[in-house]
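What the coordinates show
Below are the chains, spelled out letter by letter.
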Amino acid sequence: MIETLRRGAAAVSWYVGSVMGDRDYRRYVDHTARIHPGEPVLSEREYWRRRYAEQDRNPGARCC
């Protein structure tokens, strides 16, 4: 029973983190290392700054 609850909580945590973008920076770092080796990797702060700036410039994908 406890193991089922623990796995359920982990699944909910994973889902919420995925929806909120918690793993996006990690995916960016992994992608850059794999596809563009040798290129500098942005800091997490700079990554989010650029991402939000891009969303402000191109708001077409937003729903509201």
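- In the annotation of an unreviewed UniProt entry, the entry for the protein reads YbdD/YjiX family protein, and the organism field reads Gordonia insulae.

1. Digging into the overall build of the protein
- A count of helices and strands for the protein gives three helices and zero strands.
- Sequence-ordered secondary structure for the protein, helices as α and strands as β, is α-α-α.
- Relative to the globule expectation of 11 Å for 64 residues, the C-alpha radius of gyration of the protein, 16 Å, shows a markedly less compact shape.
- Here the C-alpha coordinates of the protein stretch approximately 45 × 35 × 20 Å along the principal axes.
- Taking all 64 residues of the protein together, 14% fall into the buried category.
- A gap of 2 Å separates the mean positions of the 12 positive and 9 negative side-chain charges of the protein.

2. Here we look at the packing of aromatic side chains
- For the coordinates displayed, the defined rule picks out five aromatic pairs.
- Their ring planes at 80 degrees and their centres at 5.1 Å tell us that Tyr 47 and Trp 48 sit as a pair that is edge-to-face. Each member of the pair, Tyr 47 together with Trp 48, is buried.

3. Remarks on the pattern of salt bridges
- One pass over the structure, following the stated rule, counts seven salt bridges.
- Notably, a salt bridge pairs Arg 27 with Asp 24, separated by 2.7 Å at the nearest N-O pair. Residue Arg 27 and its partner Asp 24 are located together in helix H2 (residues 24-35), separated by three residues, close to a single helical turn.
- Among the residues examined, Arg 27 registers a relative accessible area of 55% and is labelled exposed.
- Exposure remark for Asp 24: the relative accessible area of 10% places this residue in the buried category.
- In this structure, Arg 51 engages Asp 24 in a salt bridge whose closest nitrogen and oxygen atoms are separated by 2.4 Å. Taken together, the positions of Arg 51 in helix H3 (residues 44-57) and Asp 24 in helix H2 put the pair 27 residues apart, joining distant regions of the chain.
- Taken together, the shared-partner salt bridges connect Asp 24, Arg 27 and Arg 51 into one network.

Cut-offs applied
- Residues numbered from 1 in each chain as written.
- Predicted model: local features only at pLDDT ≥ 70, side-chain atom pairs only at ≥ 80, totals over all residues.
- Heavy atoms only, no water.
- Helix = DSSP H or I, 4+ residues; strand = E, 2+ residues; numbered from the N terminus.
- Rg over C-alpha atoms; globule rule 2.2 N^0.38 Å.
- Buried < 20%, exposed > 50% of the residue type's maximum accessible area, 1.4 Å probe, protein only.
- Lys, Arg positive; Asp, Glu negative; His and termini not counted.
- Charge placed at Lys NZ, Arg CZ, Asp CG, Glu CD.
- Phe/Tyr/Trp six-rings, centres within 6.5 Å; stacked < 30°, edge-to-face > 60°.
- Salt bridge = Lys/Arg side-chain N within 4 Å of Asp/Glu carboxyl O.

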